[in-house]
Each structure stands twice: as C-alpha cells, then as structure tokens.
Amino acid sequence: MPTIRKLMSNSSLIFMNLNESQNGNTSDEDLHWNNPINTFIQMFSHRSSMSLEQWSDTTHVNQLIDGAANSPVSYEHLIHFVQSSKLLNNLLLMFTEIIVEDLTKYQLKKNRRTKVYDVVHEHLYISTMALINANLTMKNGADDVLYSCITAWINYISMARNMSPHGRMNLSEMFGNLIELMCESREETDNFVSGERVLGILANVFSNDPTLMDYELREKIEAIFVGVSRSGKADTSKHQWMLQYMNHLVTHDMNDELKELAVCMVDFLQINTLDLSNKLFTNISSTEINQETSQQYVKVLLQMSNFPLTPILEEFFSARMVDFWLDLADAYTNLVPTTISEQGSDLAIGIFQQVLGIYLPKISLMNKQKLMEHDSDEAPVHEFDDFRTAVTDFIESLWSILGNDKLTNVLIANIGSSSGSDVDIFGIEAMSLLLNTLLTDMTLSESPWICDILESSENIIKNIVLLLETGYADAGNNSVEKAIKLDFVRTSSSLIGSLAGYLKQSPARLSTCVDVLFKGLENCTINSNDGNGDYHDKLEALTIKAISILCDTCRSELSSYLLQLFNVLNTILIPGSNVSSFTREKLVRSLGFLIESKVESRPEEQGTYVSQAIDIFNNFIQQVISMPNEQTQEQRNYIHCLLTCISELGSALLPSDESDNSLVLQKLPELRDFWQRDPLQVRAKILNLLLQVLNNPVYSRDSGFVEVSCLIVGKGLKLADDEPFFLKYSMAEILNFVLDQIPKADLPSSLPFYSYLLENLVNQYKDRLTQQEFDYIFDNVFLKYYEGVITNDPDLQQTIINFVNTILDSKPSFAIYSSYWESFVLIEFAKLLSTREKFTIVAITKFWTKVMNNKKYTEADLATTRHQINSIGQQLIYQTMFGLYHTQRSDLNSYTDLLRAFVAKFPMQTKNWLTIVLPQICSNNSAHERFINKLQITRGNRAAANVILEWWLECNQLPTL
Amino acid sequence: MAVPGYYELYRRSTVGNSLVDALDTLISDGRIEASLAMRVLETFDRVVAETLRDNTQSKLTVKGNLDTYGFCDDVWTFIVKNCQVTVEGVPGGNSGDAQTTVSVDKLRIVACNSKKSE
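As named in an unreviewed UniProt entry, chain B is Transcription initiation factor IIA subunit 2, taken from Torulaspora delbrueckii. UniProt, in the comment section headed Function (unreviewed entry), describes chain B in these words: "TFIIA is a component of the transcription machinery of RNA polymerase II and plays an important role in transcriptional activation. TFIIA in a complex with TBP mediates transcriptional activity." Chain B has a UniProt comment under Sequence similarities (unreviewed entry) that states "Belongs to the TFIIA subunit 2 family."

Looking at an unreviewed UniProt entry, one finds chain A named Exportin-1/Importin-beta-like domain-containing protein, with Torulaspora delbrueckii as its source organism. Per UniProt, chain A carries the Sequence similarities (unreviewed entry) text "Belongs to the importin beta family." Taken directly from UniProt, the Subcellular location (unreviewed entry) text for chain A runs: "Nucleus".

As structure tokens, this is what we get:
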C-alpha cells in the first residue's frame, strides 16, 4: 500500500506541475491532464483486455496512457466501476484524496492565477463528488477511506475558495448525504460509528470554515442539534436521533466523545449568535423567523447549559456554552440602542439572569472537590479552573446588561442573606468569586450607592470572613481539602482587598477583617514546619497581599494597628522565624502606609516611628554581622531582605501626587522642615548602616546588595525639592557614596546600578551640577575602568552609552562641552558603530541619532555638533555601513533612524560619503547606487527600513524570507 | 482545515528573529538552500500558532488609554498608552497566584483571527 500511495503522490505532482502554468501560457497544447480519476478508471478498465507482455511493453503502455489521459468517463461508467470492486473504489477515493491533500499542502500560493484550480473545478471535482455521493448513498457501510477523502476535499475547498474564483465549489449534496447517513446511524446497526465520524467532519467545518455549509443545511443541523427550527422549515423530528446519541454516550461513559459533541454544537451555535441577537432583541423585521420561535430556541439552549451533572467530570456542555453566552451578551451590548425592541431589554435581562442562575452552582468548588476525589489527574482540575475563569470573564460582560441593580446588588444581597448554621459556604465562595470580579473594576470610594448596599447587608462581611476562617482551618494532610481551602482563602482575601474602599468607611467591619487576616498570618507562621510548607507559603502570600491592600487604602483608619504591626514585625523579623522575605517586605510596606498617615499631632511622631522601624532593622542586622562565624547564604539572604525592607519603607512613605489626605496637606510645611533637619538622624543612621554592610567585601561585590543600596540612596531623587521625605539624600552624599563604593564593587555586575543612580542624580541636580563635577564623575566612574573592564563587556558598553544618552536627553551641554567629548566619546563611540552585539547596536545608534537630532540643543550646541559631525562624517558613515553590512537581519532596524538622521541633517554630504565608502565595504555598485538614490528620496521609517533591507539582502546575497 | 497558510507575524518575535538570523547564516555558509529556509519558516509559523493555541494557560489583561485603533484585512491594531499589562497563571504552576504587572508607556496590539491561522 505505501508503494501505491507513493505512486499516486507522484502522479498528483505531475498533475499539479502540468497545470501550474498560467491560463493561456501553455506553449504545448498537447501537454495537459484534466482528470487523473478518469485516467485511472480508463487504465483499469483495460486491465483485463491486455496481456502481461503488453503491460511490460513501454510503447504499448505509452499509447494506452496517451489515449486514456484525457478521455472522458461517463457517470454510469464511473458508478459501474466503483460498484465492481470495493478495492478499486477505495483506491479511487485514496487517489483523489492524495491529489487534493498535495494541492492543499503546496497551496500554490505564490501563483494565484494558476490554472490548476480551474482544472480541478471543471473535472476532478465533478468526478469526485459523484464518487463520494455514490459511496455515501450505497448503504454498504462507509469506511475510513471515504471519511478521509471527504475531510481532504473540505480542507482543499476551504483553502481554494480564498485563492481563486474557481476554488468555490458547492458541497451541499455531499453535506446533505452526510447528514442523512448520520441520522441513520444507530446503536443496533453500527453502534453510532458513522454518526460519530460524520460529527467529527461537521465539527471540523463549524470550527474553521462554517460558511462552507449553506443556510438551508445549517437549518437542518439546527433542528437535529437543538430540536427547534426557527424558520419552521426543517424537520425537528430528527432531534430524536441526537437525544439517542447523547444517551448512548452518557450511558457508556464516553466522555471524550461527549466533549467533542459539546465543542461541535457550541461552534455551530456561535455561527448564528449575531443573527439570534437581532431576532431576539431588535425590531429588525424577519419574514421567516419569529421571536417566539427564537425564545423557544433560547429555552433549549438554557436547558443545554443546565444538565444536572458535574461540569467537566460528567458533562461538558455548560463549560462550552459559556463561550456562546458570552458571544450573545457581547452581541446584545453592541446593538445600536435605537434598534432594540420594546421588550428586547427585558428579554435580555430575563435570559441572562437565568444564565447566571445556572452557572452559579456550576462553578461551585464542591464540583472541583468531586473532580479531585474522582481522579488524581490534574488536567480536569485545570480545566475546571479555566471554566471558573471563563465564567468570571462572562460576568464582566453581563454587568453591561444587568448593571449593579440586577447583578452586583443581587450578589451582595445573596452573600449576606444567610447566617449561622444556614450558611452554604460553597455558595458564598462562588458568589464572592463573581462579586470580586465586578468590584475589581470599580472604585468603591467613589461609588456611595454600592457602599450603601454593602452597609445595609447585615451578614456580608461576616460570611466573607467565615469563608476566610474556613480556609484557614486545619486541613490536615488531605490534599483535596487543602486545595479547596486554599481557594476559599484566595477568593475571600481577594474580595476583602477589593472591598477596601468600602471598609475604609466602616471601621468596625474593617477591624473584623484585619483581625482575621492577622490571625491567619500567625497560623501560617506557626504551622509552617508541619510538612505543608508550600501550602502555608501560598496562604501566607495571599494573606499578606490582602493586609497590604487594606493598609494602603485605609491608612488613617488602621493607624490604631501601628503598635500591633510593630509587634508582628519584631516577631517575623527574627532570624529564625519561618516567614518568607516576600511577607517581611510586604509587612514593612504596610507598616509604612500606616506611618505615612501619622501626622495628626507633630511631625516628630512620624519621625519617631520611622526611626523606630530603622532601629529594628539595624538591631537585627547588627546581630547577624557581629556573629563570629563565616557568612552563610542564609545570612546573606536575611541581611539583603532587611535592606529591602528599608527600601520598601521608603516606597510606602513616598509622597504621592494623588494624596487626598487633607491632614497631610495641612502639615506639609512642618513635615518638610522636619525632614530637612532630620533631628533624629534617620538618614545618617541608614547611610551608616549601608556603609557598614558594604564594608564587608562579600556584600560590596554582591550585585543584589548594590542594587538595594542604590535603591535606598536614590529613593528621593525623583521628588520635587519641596516634598517632605525621610530618604532624601543630598547630591554630595550620593556622589560620595558612589565614588566610595565603585572601587570595591564587582563592576561587570554592579556598574549598571551605579550608572542608573547617577543618571537620576544628574537629572535631579542638573541645575546645580557643574561641568567640572560632571567630568569628575564621568572620569571616576567610567573612564577609569574603560580600557580594563568596560571594553571587554558588551553590557557595560551599553551602560556607558546609555549614561551619555540620558545626559543628551536631560542636559546635552554636559556631554558635548565635556573635556572628554572629543578626546574620548566621539572617537570611541564611532568605533562602536561596527559592533556586533544587539544591545550595543541599539544604544550606539540611538547615541549618534541623538547627537545629530536633539531638541534639547541650544543654537550653540547645534553649531558645535554639526561642525563635529561634518569633520568625521565619512568615518562615521563607513563605520555605520560596515556594521550594517555585517550585522544580522534582526538588527537592521536599529540603523534606520540613524541613517534617516544623516540624510535629513546632512543630505548632500551623506550622499558623497556613501558614494565613497560603500565600494570599500563590498563590491556591488548597482546595489549601492540604488540604495543611495532611494535613501535620498525615502520618507518614513518603514520605507527607509525596506530600502536598507533591500541593500543588505542584495549585498549579502540572501533571500527575502 | 486549510486556508492560505499561517500568519507570518511571529517571525518578528524574538525567537522568530533568532531563527531568521540562524537561517541567514546557514544560507551564507552554503549549508542550506533558500527554499529549505522558507520551508523551515513555514513550519515555524504553523508550530508557533499551534503551540500558542494548545499549550498556553496564561491570561493577559491590558488596562490603559486606547489611543488609536484600526481594522484592515481582518487584522485589528490597537495602540494603548499608559497601560498596565497583567500576566496571570504562569505555565506549570497550579496555584494561579503568580501575577506580574508591567507598566508600559505605549503598547501596540496586533490581533488576527485565530480561526484563520491554520
């Protein structure tokens, strides 16, 4: 059989090659082959009339082929042939399948006017359809060869109809026969095998190219699938077949087949969503389909979504139907309001309220629990989680239809409707999940009506807190229970975070939530040694996230918790405590939020708390540093975490532009004065601590420590001068810190952090920094290490170029009047134009573009740089084009802006420079000439990029790809 | 089901660029023909489309100011300014807690019809 297949494949290649030439271009009219199927039939019809010797005689066979090649075969002949032998029939099906498979594979997309589509349409398609339809109606049991052939033809036509007008071929008769065959399939006759195969073919069509099937046939399918004919024309009695088939799948536990059926049906339903939406909700008149039938149709779809079985485990329709309802909701939302009928809006609300009612119990974690208990395989559990996510996406669309009145408020009311022993914890979880999705997109502090609803619900917070407590309760070693409880905590803690804007106005409820969260955090910490470390880590992360959000939103309302937070901090910062660095850092940030609001009495109050926090970090660091034994990785991580805590405290206390705390605004002058004086020496304490830690060579050479130190020292650099902030170091302090640390640092890993700090410093103090100071920085931070370290490391080259680029962006005169500009920057940076490293190329081309084209230049700056570029232009162009010629295709775009800047700023010179340098790079003068001419007249980035690509391809002799 | 080929847009991704560069090198060294490089890229288009469809579990949320949008040749283009891009659900993780938010000044979204990419 493989040999036969190969021979057929070779024949199909010949068929394609002979017909590939364009219409009317065939030089030899005799060389054409219309229909390999007919040839096959003709040749086989002669098999008995020729002897074995004649078959071996090439001349004789050639004559036979010549005669049979384009000889027509009547329909009767074809039918007689296929009925004569099952083998011949199958070979014929296989041959036509191979031809169209090859056509699909090669696609012939490079030549859309190819003749082959025409030939297939006029000849092969007609024979094949006769062949397929004969097979489908012969009632002798269709087999796999037939289905494969049908699939191949559907695939081919789906491709061909987009390629050529001759690619449009009608498949209605074939689809009609397939549907008949499907409905004749029975458990008793073929065990629904044909039905299943036909559904597989239909599923393929609906998911990829549903319009291959015409409207009448789709109506037939609709009647079979749903049992409702919206036009009243289709035969709904065939729905019985679908019910029998589904019953067969359910009773035999054929889950995969059920899933495929659900996918097929929902793909089919999605074809008509827009039409259904128009019919149901608008005034757009319809002669064929009335609204009542459409409503009946929707009723069936609602039933389909609501099988009383466990989703994913026992049924798949509800999960698949989410996509359909989402499409319908979006279709309704996108309707032009004036077209919506009088009762359209009420109808939509009614339908989608029912959908919500169906899906709430479906997404319950009780179903996830059943799934997990049924099977240890994780895939269905992930599928269930995806289902829940799909429903949360759907609820966002539902909000546009149901609004707060019928959705948000209803969920709030239902969550708070039960109390005591009546509480259905799984139901609360499902509703909380959906409510959280809605609240995430709202600003509760600006939505008083929602806050009123929340306030009026007596039990809502109680029940959410109950959900949280249930999640925190001991789950033992039961993995199912642990997973479910983790979901309880995830849902409830996220919802509490989303409710922060409301809780700010309800102090008693806020306290209840915070107390339970702290208790939960304590539990995680205490129990983290019981072998469930990973589980407790997740609980801890979810809890601290919620605490942090509440502390951020309700700063002044939670200020009474400040002392408690200090106590917790003292506990969790102890070196041996089982708390992650993430939790420690988040808690410090939360503490910072509360300290930020402590401005009621005097600024000293805030200062004292900051100082107290710094003392705590300092004490713990001193304890570890003073240990006599060698530094371990744990100690390194611990000290690093404590320094990060200082940075987090700084971030939490950073003054915000959007601060609405009127008390802080009133106290601004006092705070500013206080932090400028810094009577408690907080800044000095922190700087001393940093210097002490970095005094240890292990830490000063560790880029993690350098990073966090730079973050702390530079925390206040982006603030305006009059903003009060405890971490605002002076220019001299920062400069001294950097210049002191650089010689001790491991430059390859640390220089980027120091460079970034200096970029911010120059930006902030550009009006105070002198040219001499800038030169001093440049010399001591970069030039000193250029030859030995920076030139050998592309990352550091990028760092130094980016530093200069930042200066060119903020105050170009520092760079261009620097004593190192002409003696170092222009010379070295010109050499870097021919570099091969992607990131260096990006940085260096940006640099030269900025030198030529800079909006921050004064007239004097412009004149200076123009003069400089003029004098080294030819060398620059040489380096640029040399780099461009040798670069990779993916880096070509980096050079576009630079070449455009050359052409725009130095048009005549650039032409001359290019004419001189290009022949030195490679010898392809015609390409160079075209490149120069096109570049001169090209406008726009994309067009210039194409010109560059064209030149590069031509010179490197590479294809377009 | 076949329609005219797969989208070529992933060739401009980092991995696509690297592949094109590698193919260029192989062609320049005379180790492969240009036609083979094209076949490799066609396979790449298909595999990326299929892999993204079948093997990704992450969800990406974008919030920002819609600056420009357009629809041409079945391709939507959106330019979103000052946006927050949140990536949820790191592949392989089952907790779904992993969430990364990135602030982006300007984001260009090119959205094609996934059903036509095969």
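Colleague: Whenever I open this one, the domain arrangement of chain B confuses me. Can you help?
Modeller: Interface size is commonly expressed as the accessible surface area that is lost when the partners come together. When cut into domains, chain B gives domain 1 (9-55) and domain 2 (59-112). Measuring from the centre of the C-alpha atoms in domain 1 of chain B to the corresponding centre in domain 2 of chain B gives 25 Å.

Colleague: Is there a simple way to think about the sheet that holds strand β1 (residues 59-72) of chain B in this case?
Modeller: Backbone hydrogen bonds are what pair the strands of a sheet, in a parallel or an antiparallel way. Residue and element names in this part refer to chain B. Strand order across the open sheet formed by three strands is β1-β2-β3, with antiparallel pairing between neighbours. Sheet topology places β1 and β3 (99-112) at the edges, where each strand pairs with a single neighbour. The sheet shows a mean angle of 15° between the axes of neighbouring strands, direction not considered. Taken together, the twelve bridges between β1 and strand β2 (residues 75-88) define a ladder with antiparallel strand orientation.

Colleague: Teacher, can you tell me more about the interface of chain A and chain B here?
Modeller: Taken residue by residue, the interface counts 33 residues in chain A and 27 residues in chain B. Here chain A and chain B share an interface that buries about 2,500 Å² over both sides, 51% of which is from carbon and sulfur atoms. Of all residues in chain A, the largest losses of buried area upon contact with chain B belong to Asn208(A), Leu958(A) and Leu961(A), amounting jointly to 23% of the total for that side. Ionic pairing is found between Lys63(B) and Asp441(A), a salt bridge with its closest N-O pair at 2.6 Å. Counting the contacts that link chain A with chain B gives four residue pairs in polar contact (both at pLDDT 80 or more). Elements supplying a minimum of two residues to the side of chain A that touches chain B: α8 (144-160), α11 (193-208), α20 (378-415), α27 (533-553) and α48 (941-956) of chain A.

Colleague: I would appreciate a short explanation of the packing of helix α46 (residues 907-921) of chain A against helix α47 (residues 925-937) of chain A in the present structure.
Modeller: When two helices pack together, their arrangement is captured by the angle between the axes and the distance separating the axes. All names here are of chain A. Between α46 and α47, whose axes approach to 10 Å, the crossing angle comes to 165°. Overall, the two elements α46 and α47 adopt an arrangement that is roughly antiparallel. In the packing of α46 onto α47, the handedness of the crossing is right-handed. Residue-level contacts link Pro907, Lys911, Leu914, Thr915, Leu918 and Pro919 of α46 to Asn925, His928, Phe931, Ile932, Asn933, Leu935 and Gln936 of α47. Of the residues contributing to the contact of α46 with α47, the split by class is seven nonpolar, five polar and one charged.

Colleague: What should I look at first to understand the state of the cysteines in this one?
Modeller: Put plainly, two cysteines are in a disulfide when a covalent bond ties their sulfur atoms together. Overall, the coordinates contain zero disulfides over all chains when judged by the stated rule. Free cysteine: Cys513(A), not disulfide-bonded; nearest cysteine sulfur from Cys554(A) at 9.4 Å. You can see Cys83(B) has no disulfide; the closest cysteine sulfur is in Cys112(B), sitting 19 Å from it.

Colleague: Where do I start with the UniProt feature "domain: Transcription initiation factor IIA gamma subunit N-terminal" (unreviewed entry) in chain B in this structure?
Modeller: Within this numbering scheme, the UniProt entry marks residues 6-52 of chain B as carrying the feature "domain: Transcription initiation factor IIA gamma subunit N-terminal" (unreviewed entry). As annotated, residues 6-52 of chain B has a helix share of 72% and a strand share of 0%, and its two end C-alpha atoms lie 13 Å apart.

Colleague: Sorry, what's going on with the packing of aromatic side chains here?
Modeller: A ring pair, where both rings are aromatic, is described by two values, the distance of the centres and the angle of the planes. Residues and elements named next belong to chain A. In the structure shown here, the tally under the stated rule is 44 aromatic pairs over all chains. Taking the centre distance of 6.4 Å and the plane angle of 85° together, the rings of Phe206 and Phe225 count as edge-to-face. Of this pair, Phe206 sits in helix α11 while Phe225 is found in helix α12 (residues 215-226), placing the two residues 19 residues apart along the sequence. When its relative accessible area of 2% is taken as the criterion, Phe206 is described as buried. On the accessibility criterion, Phe225 (2% relative accessible area) is buried.

Colleague: I keep staring at the pattern of salt bridges and nothing clicks. Help me out?
Modeller: It is possible for side chains bearing opposite charge to pair when their charged atoms get close. Residue and element names in this part refer to chain A. Enumeration according to the criterion identifies 37 salt bridges over all chains in this entry. The residue Lys368 makes a salt bridge to Asp385 at a minimum N-O spacing of 3.1 Å. Placement of the pair is Lys368 in helix α19 (residues 365-374) and Asp385 in helix α20, with a sequence separation of 17 residues. A residue is classified by how much of its surface remains accessible, and Lys368, at 5% relative accessible area, is buried. Measuring nitrogen to oxygen at the nearest pair gives 3.7 Å for the salt bridge that ties Asp897 to Arg900. Of the two residues, Asp897 and Arg900 are both situated in helix α45 (residues 896-905); the distance of three residues between them amounts to about one turn of the helix. Via salt bridges that share partners, Lys368, Asp385, Asp487 and Arg490 belong to a single interconnected network.

Colleague: For this particular structure, what's the right way to read the pairing of β2(B)?
Modeller: Sheet faces and side chains relate simply in a regular strand, where the side chains alternate between the two faces. Residues and elements named next belong to chain B. Here β1 hands over to β2 after two residues, with Asp73 in that stretch at a positive phi of 50°. For β2 and β3, the ladder comprises 13 bridges, and the chain directions are antiparallel. Each bridged residue has a counterpart across the sheet, and for Trp76 the counterpart in β3 is Ala111.

Colleague: Quick question: what am I supposed to make of the environment of Trp153(A) here?
Modeller: Residue and element names in this part refer to chain A. Within the secondary structure, Trp153 sits in helix α8. Judged by relative accessible area, Trp153 falls into the buried class, the value being 0%. In this structure, the C-alpha to C-alpha distance between Trp153 and Asn853, residues 700 residues apart in sequence, is 59 Å. Ignoring anything within four residues of it in the chain, the contact list for Trp153 reads Thr96, Val100, Val120, Leu124, Tyr125, Thr128, Met129, Ile132 and Met169. Of the polar contacts made by the side chain of Trp153, one reaches the side chain of Thr96; its length is 3.0 Å.

Criteria and cut-off values
- Residues numbered from 1 in each chain as written.
- Chains lettered and ligands numbered in written order.
- Predicted model: local features only at pLDDT ≥ 70, side-chain atom pairs only at ≥ 80, totals over all residues.
- Heavy atoms only, no water.
- UniProt positions renumbered as here; feature names shortened; annotations may be inferred.
- Domains from an automatic or database assignment.
- Pairing = 2+ DSSP bridges.
- Helix = DSSP H or I, 4+ residues; strand = E, 2+ residues; numbered from the N terminus.
- Axes fitted to C-alpha atoms, helices over the stretch in contact; angles between N-to-C directions.
- Contact = heavy atoms within 4.5 Å.
- Buried area = accessible area lost by both parts, 1.4 Å probe.
- Salt bridge = Lys/Arg side-chain N within 4 Å of Asp/Glu carboxyl O.
- Polar contact = N/O pair within 3.5 Å; in protein donor to acceptor, adjacent residues only side chain to side chain.
- Parallel < 35°, antiparallel > 145°, perpendicular 65-115°, else oblique.
- Left-handed = near helix turned anticlockwise from the far one by under 90°.
- Nonpolar A, V, L, I, M, F, W, Y, C, P; charged D, E, K, R; others polar.
- Disulfide = S-S within 2.5 Å.
- Phe/Tyr/Trp six-rings, centres within 6.5 Å; stacked < 30°, edge-to-face > 60°.
- Buried < 20%, exposed > 50% of the residue type's maximum accessible area, 1.4 Å probe, protein only.

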